[in-house]
Amino acid sequence: MPGKYKVGLEQSLNGVVSKLADPVEFNVVELKNTTLPAPDRKELVEFQTKVAELARNMEGATNFAGELTKQTETILQTLYQWSGATAELIEKTKKVRKELDDINFLFSGHRPAASFEEVPPAPMPLNRRLSYLSYTHSSSTTAITQTEKDTYKILTEELPPIIEQLKKSEKEIKSIQSEMKSMGAPWTPGQTPEL
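Sequence order as written defines residue numbering, which begins from 1 separately in each chain. For a predicted model such as this one, the threshold for reporting local features is a pLDDT of at least 70, and the threshold for listing and counting side-chain atom pairs is 80 or more; totals across whole chains, interfaces and linings nevertheless cover every residue. Heavy atoms throughout the structure, all of them, feed into the side-chain values; hydrogens and water do not.

Engineer: An account of the nonpolar core is requested, with residue identities and associated values reported.
Structural biologist: Core analysis: the largest hydrophobic core is formed by 32 residues, its most contacted members being Met58, Leu79, Phe107, Leu155, Leu166 and Met180. When residues in this core are grouped by element, the largest group, 11 residues, is from helix H1 (residues 41-81). Side-chain atoms within 4.5 Å link the members of a nonpolar core, which is a set of buried Ala, Val, Leu, Ile, Met, Phe, Trp, Tyr and Cys residues. Between buried and exposed lies partly exposed: a residue is buried under 20% and exposed over 50% of the maximum accessible area for its type, with that area taken using a 1.4 Å probe on protein chains only. Numbering goes from the N terminus for both helices and strands, where a helix is a DSSP run of H or I of at least four residues and a strand is a run of E of at least two.

Next comes the structure, spelled out in structure tokens:
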């Protein structure tokens, strides 16, 4: 946003922070070189800030889903190799893995062999939708389009239930690990070892 700002300089070296330069005030001004300038610059900056926050949450949810998937795979492999595993515990773990696979599909969709044109018709993966939205306005000073507003709305409606499902899956994984621990199963990632 155009306006008055201050910038200073500090150094952090071995845990000691020292001031290198006092804050200096400066003005940010519009260059007036935009072909289609946004009529409301404040609205544009607020939208870009909201998209950046959405991207942070989406990246966190995507990575969390990946971590839970790896943890579930390790648990499943442990159960397959452990003589004390029950069919019920294996099925419970497979159910969680299926739920996580579904979530990962919502985030990423089909993996193309060479290009996205080869992917069969399917719902737009959330990460691709976010990527298009973020890229379009990453350094733009043009007005927000209705398509971008719609995309943002879709993502903010679809992400919360996925995060809730991830929380549920995390609880189910902990329950499975607790059950495994009580049965004397080998250690799996995510558990605190005890003597």
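On we go from here.
Engineer: Outline the packing of aromatic side chains, supporting the account with residue identities and numerical values.
Structural biologist: Note on aromatic pairs: the rings of Phe, Tyr and Trp (six-membered ring only in Trp) are paired at centre separations within 6.5 Å, and the planes decide the class, stacked below 30 degrees, edge-to-face beyond 60, tilted for the rest. Following the criterion strictly, the structure yields two aromatic pairs and no others. Taken together, a centroid distance of 6.0 Å and an interplanar angle of 25° make the contact between tyrosine 5 and phenylalanine 26 stacked. Placement of tyrosine 5 in strand E1 (residues 3-13) and of phenylalanine 26 in strand E2 (residues 16-28) is noted, with a sequence separation of 21 residues between them. Note on tyrosine 5: relative accessible area 35%, which makes it partly exposed.

Engineer: Before we move on, can you summarise a nonpolar patch on the surface with the specific residues and values?
Structural biologist: By definition, no residue in a patch forms a salt bridge, and every one has over 30% relative accessible area; like charges are joined within 9 Å, nonpolar side chains (Val, Leu, Ile, Met, Phe, Trp, Tyr) within 5 Å. Under the convention used here, a 1.4 Å probe and the Shrake-Rupley method define accessible areas, while residue burial counts only the protein chains that appear. Here a salt bridge means any side-chain nitrogen of Lys or Arg lying within 4 Å of a carboxyl oxygen belonging to Asp or Glu. A cluster of nonpolar side chains, namely Met1, Tyr5, Val7, Phe26 and Val28, defines an oily patch on the protein surface of about 400 Å² accessible area. When contributions to the nonpolar patch are tallied by element, the ones reaching two or more residues are E1 and E2. Relative to the helices and strands, valine 7 resides in strand E1. A relative accessible area of 47% means that valine 7 is categorised as partly exposed.

Engineer: I'd like to hear about the pattern of salt bridges, residue by residue, with values.
Structural biologist: Tallied over the entire structure, the rule returns 14 salt bridges. Of the charged contacts in the structure, one is a salt bridge between lysine 98 and aspartate 102, with a shortest N-O distance of 2.7 Å. Of this pair, lysine 98 and aspartate 102 are both found in helix H2 (residues 87-108), four residues apart, which corresponds to roughly one turn of the helix. Under the relative-accessibility criterion, lysine 98 is labelled partly exposed at 48%.

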